[in-house]
Amino acid sequence: MKRKLDIPPAWLVAFAVLAWLQANYASFGLSLASGFTDLLSGLLIGGGVVLVVLAIAEFRRHRTTVLPHETPSSLVQTGIFKRSRNPIYVGDVLILAGLVLRFDAVLSLVLMPVFVWILERRFIVPEENRMRRAFRTDFARYERQTRRWI
């Protein structure tokens, strides 16, 4: 059960809830609210969702797992994975940034680097270690050609 809950969307929801709570109960009068931040938040959330959908579609096309604690059956290097080794995580970060702006949770901007750190330590590094063992030279070549984030 613990492993089923230890997935990036659960962390994203937890951080989004923290940002919402901060905006509603501890804003200290700080605000970035404007038409520009509304537009930017929508673009960030929308862009994040698009990245996640494109990445999941690519996983499905290659008939491999999207679950971060499992070893994929194939190394996906096509589509959005040509630009980033971790487009779903990039999407998650964009969504959280957009939600922080949407909630006008100024103090929660400090959650962004913490969220990135958690994604790297709990998911990206272990995934990459599994893929190094499973795909050896193919992953080494992919790692040299494609950035981890963007």
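Conventions we followed
- Residues numbered from 1 in each chain as written.
- Predicted model: local features only at pLDDT ≥ 70, side-chain atom pairs only at ≥ 80, totals over all residues.
- Heavy atoms only, no water.
- Core = buried A, V, L, I, M, F, W, Y, C linked by side-chain atoms within 4.5 Å.
- Buried < 20%, exposed > 50% of the residue type's maximum accessible area, 1.4 Å probe, protein only.
- Helix = DSSP H or I, 4+ residues; strand = E, 2+ residues; numbered from the N terminus.
- Expected span 1.5 Å × (residues − 1).
- Contact = heavy atoms within 4.5 Å.

A few points about the nonpolar core
No. 1: Counting residues in each nonpolar core, the largest one holds 21 residues, and the members touching the most others are Phe15, Leu96, Val100, Met112, Phe115 and Leu119.
No. 2: When contributions to this core are tallied by element, the ones reaching two or more residues are helix H2 (8-25), helix H4 (87-103) and helix H5 (111-145).
No. 3: If you look at the next biggest cluster of nonpolar residues, it comprises 14 residues, including Leu51, Val76, Phe81 and Phe135.

Side note on H2
Think of an α-helix as turning once every 3.6 residues; residues three or four places apart then point the same way.
No. 1: The end-to-end C-alpha distance of H2 is 25 Å, a good match for the 26 Å that 18 residues give at a rise of 1.5 Å each.
No. 2: Those residues of H2 that are buried are in contact with H4 and H5.

Here we look at unusual backbone geometry
No. 1: Phi at arginine 63 is positive, roughly 55°, even though this residue is not glycine.
No. 2: Note that arginine 63 resides in the loop between helix H3 (35-61) and H4.
No. 3: With a relative accessible area of 74%, arginine 63 lands in the exposed category.

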